[in-house]
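# Secondary and tertiary structure notes
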Amino acid sequence: MKHAKKNQETKVYGRNACLKVFEKRREDIVRAYVNQDGVFLFKDLMKYLADQKLAYHIVNNEEIEGITKATHHEGICLIVKNKELPELKTLLHANPYRTLILALEEVSNPHNLGAIMRSAAHFGISGIIYEAKVPVANSGAAMRTAEGGAEVVPAIQVTDWAHVFDLAKRNNFKTLATSSHDGESIFDYEFPEKGILFLGAEGEGLSSTMMKKMNKLLSIPGTGEVESLNVSNATTAILTEWFRQGL
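This report concerns the structure included in the present document. Note that the structure is a prediction, hence the values are computed from the model and not measured.

Procedures and definitions
Sequence order as written defines residue numbering, which begins from 1 separately in each chain. For a predicted model such as this one, the threshold for reporting local features is a pLDDT of at least 70, and the threshold for listing and counting side-chain atom pairs is 80 or more; totals across whole chains, interfaces and linings nevertheless cover every residue. For side-chain calculations, the full set of non-hydrogen atoms in the structure is used, while hydrogens and water are omitted. Note on conventions: DSSP H or I runs of at least 4 residues are helices, E runs of at least 2 residues are strands, and numbering of each starts at the N terminus. Working rule for contacts: check all heavy atoms of both residues, and any pair within 4.5 Å makes them a contact. For the accessible areas, the method is Shrake-Rupley and the probe is 1.4 Å, while residue cover comes only from the protein chains on display. Neither His nor the chain ends contribute to the count of charged residues, in which Lys and Arg are positive and Asp and Glu negative. We put the charge of a Lys on NZ, of an Arg on CZ, of an Asp on CG and of a Glu on CD. Any carboxyl oxygen of Asp or Glu within 4 Å of a side-chain nitrogen of Lys or Arg constitutes a salt bridge here. The cut-offs for exposure are 20% and 50% of the maximum accessible area for each residue type, with area from a 1.4 Å probe on protein chains only; residues under the lower value are buried, those over the upper are exposed, and the others partly exposed. Two strands form a pair only when DSSP identifies at least two bridges running between them. Every axis in this analysis is a line fitted to C-alpha atoms, fitted for helices over the stretch in contact. Angles between the N-to-C directions lie between 0 and 180 degrees. It is the directions from the helix axis to the C-beta atoms whose arc is reported. Here a polar contact is taken to be a pair of N or O atoms separated by no more than 3.5 Å, where protein atoms must pair a possible hydrogen donor with a possible acceptor and residues adjacent in sequence count only if both atoms sit in side chains. Here is the rule for angles: anything less than 35 degrees is roughly parallel, anything more than 145 is roughly antiparallel, 65 through 115 is roughly perpendicular, and the remaining ranges are oblique. Residues are grouped as follows: Ala, Val, Leu, Ile, Met, Phe, Trp, Tyr, Cys and Pro are nonpolar; Asp, Glu, Lys and Arg are charged; all remaining types, including Gly, are polar.

Let us now look at the overall build of the protein. Within the protein one finds eleven helices and eleven strands. Seen through its C-alpha atoms, the protein measures out along the principal axes to roughly 55 × 40 × 35 Å. A sequence separation of at least 24 residues applies to 78% of the contacts in the protein between residues at least 6 apart. Accessible surface, the protein: about 13400 Å² in total, of which carbon and sulfur atoms supply 50%. Put simply, the protein has 29 plus and 30 minus side-chain charges, and the middle of one group is 7 Å from the middle of the other.

Here it is, written out as structure tokens:
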């Protein structure tokens, strides 16, 4: 039972990530670890914990590093209940609003996924669908890199892309992907009202099997001095243009 409970909790660390948890779902906080400076920096959080009779521990940075297994914790770590996520069919349900969803094939780097979640939150993306061996979006590293974005944009782990494409078709979503050589410039393309932007794994890019399923291939214009951008930078470039078109 103890192991099962542990799997239902997440370590969240980093100032902005923790403050966003406190803002969005403070009722899910189980306990906190802060350094001495954090007692003042996170005084509203500390007051809430005291009022709710929740455990908090004032520790040094080395102890927080031991808990988080990370050096970029910024003096705070929260143990929180895992966030409830919508079902895939709910995320892909047709709605009357302009929508873009990100779909990531074979994601393994939590820092890249965290950077994508941060950009997704900034530009108003409805959600992220990702394929990974483990729930990377729920890791402390991804949540810290997202700087609070993980609390705003739901990230759903999937294993069956055929189901994703079926739901996309039934709900009138257009499938998009980037191609360095064959795609239409994002500056010439008018994004659809309902779109799913597919992005490939770090290094290899989107597989040829997935590419063949796309309704449209897009490219990001540049100098041509490098072959392509990494996945998080490419995402930000595309989302910038998508957002601009919606203004």
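With that out of the way, let us pick up the pattern of salt bridges. A full pass over the atoms with the stated rule returns eight salt bridges. A salt bridge links Lys 216 to Glu 184, with the nearest nitrogen and oxygen atoms 2.6 Å apart. Of the two residues, Lys 216 sits in strand S11 (residues 216-219) while Glu 184 sits in strand S9 (residues 184-185), which places them 32 residues apart along the sequence. Residue Glu 184 is classed as partly exposed on the basis of its relative accessible area of 27%.

Our next topic: the sheet that holds strand S2 (residues 29-34). Taken together, four strands build an open sheet; the order of strands is S1-S4-S2-S3 and the sheet is mixed. Looking at strand neighbours, the two that pair on one side only are strand S1 (9-13) and strand S3 (55-58), the edges of this open sheet. For this sheet, the mean angle separating the axes of adjacent strands, direction not counted, is 15°. Sheet topology note: the S2/S3 ladder contains four bridges and is parallel. Paired with Val 34 across the two strands is Ile 58, which belongs to S3. In the packing of helix H4 (residues 43-51) onto the sheet, the strands contacted are S2, S3 and strand S4 (76-81), and the crossing angle to S2 comes to about 130°.

Here we come to helix H5 (residues 61-68). Side chains of residues three or four places apart in an α-helix project in the same direction, reflecting 3.6 residues per turn. For H5, the complete set of buried residues consists of Ile 64, Ile 67 and Thr 68. An end-on view of H5 places all buried positions within 85° of arc, on one side of the element. Contacts made by the buried residues of H5 are with S1, S2 and S4. Of the residues that open H5, the one with a side-chain oxygen 3.2 Å from the backbone nitrogen of Glu 62 is Asn 60. Backbone geometry just downstream of H5 places Lys 69 in the positive-phi region, at approximately 60°.

At their nearest, the axes of helix H7 (residues 110-123) and helix H11 (residues 231-246) sit 9 Å apart, and the two run at 10° to each other. Compared by their axis directions, H7 and H11 come out roughly parallel. In this structure, H7 contributes Asn 112, Ala 115, Ile 116, Ser 119, Ala 120 and Phe 123 to the contact, and H11 contributes Val 231, Ser 232, Thr 235, Thr 236, Leu 239, Thr 240, Trp 242 and Phe 243. Within the contact of H7 with H11, the residues separate by chemical class into eight nonpolar, six polar and no charged.

The quantities given are spatial measurements derived from coordinates; they are silent on function.
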